[in-house]
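# Structural description and commentary
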Amino acid sequence: MLDIVDADDRVVAQVARGEAYARGLRHRCAFVLARDPEGRVFVHRRTGTKLVFPGMYDMFVGGVVGAGETYDEAALREAQEELGVSGLPRPTPLFRFLYEDGAGRSWWSAVYEVVCDRPVNPQAEEVAWHAFLPQEELDRRIGTWPFTPDSLAAWARLRARG
């Protein structure tokens, strides 16, 4: 179940995830930029079986916020699940924004950052490939690899913040 939210991020309903996707209902997502102790960014390619943006690259781990769950709770849960680690520090909240794809789909997005000093073991059903890339290499890959549009929107906002 997901909380459905209005343009001001207020909960207006709760529906099953599949229904939210099928009807294009606005919901909440958590994006976590995971860095290793050297500052490199965890980048991954989504599996081809993902419902949203299958097979595309992403520089954030994360996902939907469950009904009644806070952004902070979802950020930690999703980071640990997707990286395949436990005991991560609580991700640091950076900012929120309303992502809109121009085709009627939108979600409130809370962006976080965390340092992962443990070996990662990403979920095989979520992650087809992964690596920690220096930020300069990630910036070069953005022009050549197909990244998810919502992660590009979050990345642009993060880079604009300095």
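Residues numbered from 1 in each chain as written. Predicted model: local features only at pLDDT ≥ 70, side-chain atom pairs only at ≥ 80, totals over all residues. Heavy atoms only, no water.

Counted by the stated rule, this structure contains 16 salt bridges. For R28, the salt bridge goes to D9, with nearest N and O atoms at 2.7 Å. Of this pair, R28 sits in strand β3 (residues 27–35) while D9 sits in the loop between β1 (2–5) and β2 (11–15); the two residues are 19 residues apart in sequence, bridging distant segments of the chain. Residue D9 is classed as buried on the basis of its relative accessible area, which comes to 11%. Two residues, D101 and R105, come together in a salt bridge whose shortest N-O distance is 2.9 Å. A residue is classified by how much of its surface remains accessible, and D101, at 26% relative accessible area, is partly exposed. Several salt bridges converge on common partners, so that one network encompasses E69, R77, E78 and E81. (Salt bridge = Lys/Arg side-chain N within 4 Å of Asp/Glu carboxyl O. Helix = DSSP H or I, 4+ residues; strand = E, 2+ residues; numbered from the N terminus. Buried < 20%, exposed > 50% of the residue type's maximum accessible area, 1.4 Å probe, protein only.)

Below, the discussion takes up the nonpolar core. Judged by nonpolar contacts, the single largest core of 30 residues is most densely connected at V43, M59 and F60. Elements that contribute at least two residues to this core include exactly β1, β3, β4 (41–46), β7 (92–100), β8 (106–115), β9 (127–133) and α4 (149–161). Among the elements that take part in this core, α4 stands out by supplying four residues, more than any other. In contact with M59, other than residues within four places in its own chain, are V32, L33, V41, F42, V43, L138, I142, F147, S151, L152 and W155. Core analysis: the next-biggest nonpolar cluster, separate from the first, contains 21 residues, V5, A75, L76 and A110 among them. (Core = buried A, V, L, I, M, F, W, Y, C linked by side-chain atoms within 4.5 Å. Contact = heavy atoms within 4.5 Å.)

Here the phi dihedral of D9 falls at roughly 65 degrees; this positive angle occurs in a residue that is not glycine. The backbone of F53 sits at a positive phi, close to 55 degrees, despite the residue not being glycine. Within the fold, F53 resides in the loop between β4 and β5 (57–58). A relative accessible area of 11% places F53 in the buried class.

The next point concerns the side chain of E69. In this fold, E69 is placed in the loop between β6 (61–64) and α2 (71–83). At a separation of 2.8 Å, a polar atom in the side chain of E69 contacts the main-chain amide nitrogen of G66. Not counting residues within four places of it along the chain, the set of residues in contact with E69 comprises V64, A74 and R77. (Polar contact = N/O pair within 3.5 Å; in protein donor to acceptor, adjacent residues only side chain to side chain.)

What follows is about the side chain of D9. There is a polar contact of 2.7 Å between the side chain of D9 and the side chain of R28. With near-sequence residues (within four places) excluded, D9 lies in contact with R28, Y71, R96 and W108.

Right, let's talk about the packing of aromatic side chains for a bit. The full count for this structure, using the stated rule, is 11 aromatic pairs. With centroids separated by 6.1 Å and ring planes inclined at 35 degrees, the aromatic side chains of F95 and F97 adopt a geometry described as tilted. Among the residues examined, F95 registers a relative accessible area of 14% and is labelled buried. Consider the rings of Y99 and W107, whose centres lie 5.0 Å apart with planes at 35 degrees: the pair is tilted. Grouping residues by exposure puts Y99 and W107 together as buried. Following the ring pairs from residue to residue traces out a cluster consisting of F31, F60, F95 and F97. (Phe/Tyr/Trp six-rings, centres within 6.5 Å; stacked < 30°, edge-to-face > 60°.)

The first and last C-alpha atoms of α2 sit 18 Å apart over 13 residues, in line with the 18 Å expected at 1.5 Å per residue. Buried within α2 are the following residues: Y71, A74, A75, L76, E78, A79, E82 and L83. Buried residues belonging to α2 abut β3, β4, β6, β7, β8 and β9. Immediately beyond the C-terminal end of α2, within one or two residues, lies G84, with a positive phi of roughly 70 degrees. (Expected span 1.5 Å × (residues − 1).)

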